[in-house]
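Chain by chain, the residues:
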Amino acid sequence: MSCKLLGLCQYDTNKLVRIRSVRLGSLKWALNGAILLFICIMLLWNRSYQEFDLVVSSVTTKVKGVALTSLPGLPDQVWDVADYSGPSQEKNSFFVVTNVIVTKNQKQDKCPEVSPHGRVCRVDKDCEKGAWDQHSHGIQTGACVKSGVIGKTCEVSAWCPIETKTKAPRPALLAAAENFTVLIKNNIRFPAFNFIRRNILPEMNDAYLKSCQRTNDSLCPIFRLGDIVHEAKEKFSEMAVQGGVIGIQIKWDCNLDPLMQRCLPRYSFRRLDEKESNRTLYPGLNFRFAKYHRENGVEVRTLYKAFGIRFDIMVFGKAGKFSFIQLVVYIGSTLSYYALTTLFIDWLISTSCYSIEARQDYSERKVESVQDKQQCILSVSFVDENNIRVVKRSQKKSLQDVKPMSIQQRTEDTGHLRAMVSMLQQGITTDQPAQAPPNPKTSPSPGPSPRLKPGPSPNPGPTPRPSHSVWCKCDCCGPSTLRHEELCCRRTSGPCITTSPLFDQLVLRRSLLEAVLLYRDPLSPPAGEGQTATLRHCAYRQFISWRLGVPPSDTHPAIPSCCVWRIREEYPSTDGQYRGFRPIGENSTQAWSNGQL
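Cut-offs and rules
Along each chain, residues carry numbers from 1 onward, in the same order as the chain's sequence is written. The predicted nature of this model means local features are confined to residues of pLDDT at least 70 and side-chain atom pairs, given and counted, to a pLDDT of 80 or more, with totals for whole chains, interfaces and linings taken over all residues. Excluding hydrogens and water, the side-chain figures rest on all heavy atoms present in the structure. Throughout this description, buried means an accessible area under 20% of the type-specific maximum (1.4 Å probe, protein chains only), exposed means over 50%, and partly exposed covers the range between. In this text, helices come from DSSP runs of H or I with a minimum length of four residues, and strands from runs of E with a minimum of two, each type numbered from the N-terminal end. When DSSP finds two or more bridges between two strands, those strands count as paired. For helices, the fitted line uses only the C-alpha atoms of the stretch in contact; every axis is such a line through C-alpha atoms, and the angle between N-to-C directions lies from 0 to 180 degrees. Convention used here: angles under 35 degrees read as roughly parallel, angles over 145 as roughly antiparallel, angles from 65 to 115 as roughly perpendicular, and any remaining angle as oblique. Contacts are assigned to residue pairs that have any heavy atoms within 4.5 Å of one another. Amino acid classes used here: Ala, Val, Leu, Ile, Met, Phe, Trp, Tyr, Cys and Pro are nonpolar; Asp, Glu, Lys and Arg are charged; the rest, including Gly, are polar. Within 6.5 Å between ring centres, the rings of Phe, Tyr and Trp (the latter by its six-membered ring) count as paired, and their orientation is classed by plane angle as stacked under 30 degrees, edge-to-face over 60, tilted in between.

Teacher, can you tell me more about the pairing of strand β15 (residues 377-380) here?
A regular strand places its side chains so that they alternate between the two faces of the sheet. Of the two faces of β15, both are covered, the one formed by Ile377 and Ser379 as well as the one formed by Leu378 and Val380. As defined by bridge partners, β15 adjoins strand β18 (residues 556-557) across 2 bridges and the pair is classed as parallel. The residue bridging Leu378 from the neighbouring strand is His556, located in β18.

Put into structure tokens, the structure is as follows:
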């Protein structure tokens, strides 16, 4: 529990590689300066240091203008705002009549349906009483009557005479609507800042509204309809014939900071209906309305099919005010842009701008490869193979039988090899030729070394251990309950490596192990009889350096079971307990060189 709590008091930081280069250093500061300039420009341009709120608005309009129309067979008629504004106005929009088809003196009666909506007939049986469809002007009476000069159609009960004109007059009858004016009153509010404003500014008085014109004042709230259509890139005389829809956009982009407060509307215009596709299929905009009166006690009406332009007013906008929190969030989000400098310079170094040696050296210093602790990678060497097997530790198979991940050439530890040769030349070795160690009962012990303390009498060799395990090929391996310790010195059946004279001279010989320990720590006291654990661990390192050389990177060297038991027989534990093979978490090459195995 204390170890876990202690881990909370640790700090981890990233490893950096500093390249001393004037060229790269200048490039780094130039890129960082450009990024800083970009961040500052975007900060001011988008006002990213502000908190924003969306607009809430209401719109009212007032249209003014008078037009005179002359219709064939009818007296001249004056149209004022009550006539051309239509029967009703929708929310945030207004309608202006620009063209009209008039059918006078209609009353409830029976008359023939007009073509092409009327059903052509020959006799009364061809007409169904009470029938109608979506194109009919009335209800069929069941009679077939003459329609026009030739032909017959079914008679209908309707407002007669039925409207016969279908095409709008050209030019438009109310083309004078181009000079009509509209006053737009727009009230807005930003709830988050409790800020209220209208497009009729406080300094605008009655005299100003009577004289202002949009051509020389963009804030004037009074608009000429012809100017609105023109700014929408349309021609009023053409649009007035069939009608259409124009959008009036009012945009509020307000800065409510005390030193830079500004909140003014901007007007823009565009046509909303698709005029190109509507030329042949239901073009423009129109509707019908009627005016009623009584003649001789009979109700009579005048039917108007009105074509016109509907103006939709759309208000959108936002207001911003300084917020320290938003400023901190923006700065924090833009700090990641500086990573672009590192990415660009890393890419530049990896290109042909630098030599292969420089690129490789930088890559090795910047990137350090490690293996996942859950995937323990071991390096294994067999005496009957001249290579290193890299295998993954398995919980199900013995290490002897695990299929290798890769097979690599052995890298000799030249420093260790030179040191061993030097020590052997100084008298560490025996004067006898290399052969199996003699039995101490029949042969005398060798004489003392001229320089170092003489070692113990050579052991008569490994004691064969009858093994029933199929993984042991030398019959000298000891039993184990751990799969990763089930490793023999051989791949195929044959003599054990512990029977080699070099095993005694390089791994077990006490005088050599003491010399190695003294070489590593010149001031350390000589290993006494009670320090067999130190000699045993040194013997492990000697075997690894002899048989594996420099183990592959990120692997843990594994010692065969027969060698481990032979070393333990020579340098046994005082209590008979051994820790066993425990792969360490860091790079094993550094570990065994530091004496951690």
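How do you make sense of the packing of helix α12 (residues 510-520) against helix α13 (residues 532-547) when you look at a structure like this?
Axis angle and axis distance: for two packed helices, these are the angle between their axes and the distance between the axes, and together they describe the pair. Where α12 meets α13, the closest approach of the two axes is 10 Å, and the angle between their N-to-C directions is 90°. With respect to each other, α12 and α13 are oriented roughly perpendicular. Taking contact as the criterion, the partners of Arg510, Leu512, Leu513, Glu514, Val516, Leu517 and Arg520 in α12 are, on α13, Thr534, Leu535, Cys538, Ala539, Arg541 and Gln542. Among the residues making up the contact of α12 with α13, the classes are represented as 7 nonpolar, 2 polar and 4 charged.

Can you walk me through the pairing of strand β14 (residues 298-322) in this structure?
Of the strand pairs in this sheet, strand β1 (residues 50-54) and β14 are connected by 5 bridges, and their pairing is antiparallel. What sits directly across from Glu51, in β14, is Lys321. Where strand β5 (residues 93-112) lies against β14, 11 bridges are found, and the strand directions are antiparallel. When the bridges of β14 are listed, Val97 appears paired with Gly308. As judged from the 12 bridges shared by strand β11 (residues 244-255) and β14, these two strands associate in the parallel manner. Residue pairing across strands places Val245 opposite Arg310, the latter belonging to β14. Bridge count between strand β13 (residues 286-295) and β14: 10 bridges; the pairing is antiparallel. Bridge pairing in β14 links Ala290 to Leu303. As consecutive antiparallel partners, β13 and β14 are separated by 2 residues, and within that stretch Asn296 has a phi angle of approximately 55°, a positive value.

For this particular structure, what's the right way to read the packing of aromatic side chains?
Aromatic ring pairs are described here by two measures, namely the spacing of the ring centres and the angle between the planes. The full count for this structure, using the stated rule, is 16 aromatic pairs. Aromatic side chains Trp159 and Tyr292 sit 5.9 Å apart centroid to centroid with 65° between the ring planes, which places their arrangement in the edge-to-face category. Of this pair, Trp159 sits in strand β7 (residues 152-160) while Tyr292 sits in strand β13; the two residues are 133 residues apart in sequence, bridging distant segments of the chain. Under the relative-accessibility criterion, Trp159 is labelled buried at 18%. You can call Tyr292 partly exposed: its relative accessible area is 47%. Ring geometry for Phe503 versus Phe543: centroids 6.3 Å apart, planes at 65°, classification edge-to-face. Pair noted here: Phe503 is in helix α11 (residues 501-508) and Phe543 is in helix α13, with a separation of 40 residues, a long-range link. Pair check on accessibility: Phe503 and Phe543 agree, each one buried.

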